[in-house]
Amino acid sequence: ILLMILNLPPLLRQKAENIILCGLWYGPKKPDASLLLDPVMKVLNNLYEKGFEIKRAQVQTQLCQIKLVSAVFDLIARALVLNMKQFNGEYGCTHPGKRLGNGTRVYLPGVDYTVRTHINILHDAKLAESSQLPVNGVKGVSPLSSLLNLVNDIPLDYMHCVLEGV
């Protein structure tokens, strides 16, 4: 998990010394997103609510607050962190799709798909948690749901969606 300070000019924010490593997973299987993200979210939430003081110009102190404004993931990590089915699973889109004989799932043209909203994801997450079954592709509450709008603040995976034409 890497954090970038957006208040810095673009050339500075992308330098290695200005990128903050706050989480790393290495193992034979995918991590539990809550185990990986909950401690980070707790610290970020505290830094936003309480902030911290910095001394400026040897005289003045200033309260700084840190707010998570966006999160970027590839398609696989996005599904894991959002606690949703992957793009190729049932309701990976907002429709169950159709499974072909070779195991491929396709989403057919001409079908009226429902647009996901932050509110309906939260609603489906609560239903999924209580029933222990996925609801519309949502498996449960995401660790990010208290700090971010799960639709507007998490962009699509540009690499897979555009460059690879998925």
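Relevant structure appears above.
The structure contained in this document is the topic of the report that follows. (Residues numbered from 1 in each chain as written. Predicted model: local features only at pLDDT ≥ 70, side-chain atom pairs only at ≥ 80, totals over all residues. Heavy atoms only, no water.)

Looking now at unusual backbone geometry. Even without a glycine there, the phi angle at Asn83 is positive, about 60 degrees. Assessed through its relative accessible area of 23%, Asn83 is described here as partly exposed. Positive phi outside glycine occurs at Asn136, with the angle close to 55 degrees. As for its placement among the helices and strands, Asn136 is situated in the loop between α4 (118-131) and α5 (158-163). A relative accessible area of 38% means that Asn136 is categorised as partly exposed. (Buried < 20%, exposed > 50% of the residue type's maximum accessible area, 1.4 Å probe, protein only. Helix = DSSP H or I, 4+ residues; strand = E, 2+ residues; numbered from the N terminus.)

Now for the nonpolar core. Of all hydrophobic cores here, the largest spans 18 residues; its most connected members are Met41, Leu68, Leu144 and Ile154. Elements supplying a minimum of two residues to this core: α2 (33-49), α3 (75-82) and α4. Beyond its immediate chain neighbours, meaning those up to four positions away, Met41 contacts Leu68, Pro143, Leu144 and Leu147. (Core = buried A, V, L, I, M, F, W, Y, C linked by side-chain atoms within 4.5 Å. Contact = heavy atoms within 4.5 Å.)

Here α4 spans 20 Å end to end across 14 residues, near enough to the 20 Å set by a 1.5 Å rise per residue. Among all positions in α4, only His118, Ile121, Asp124, Ala125 and Ala128 are buried. Angular distribution of buried residues about the axis of α4 spans 125 degrees; they occupy a single face of the element. Exposed residues lying more than 90 degrees from the buried face of α4 are Ile119, Lys126 and Ser130. Of the residues trailing α4, Gln132 is marked for its positive phi of about 60 degrees. (Expected span 1.5 Å × (residues − 1). Arc of directions from axis to C-beta.)

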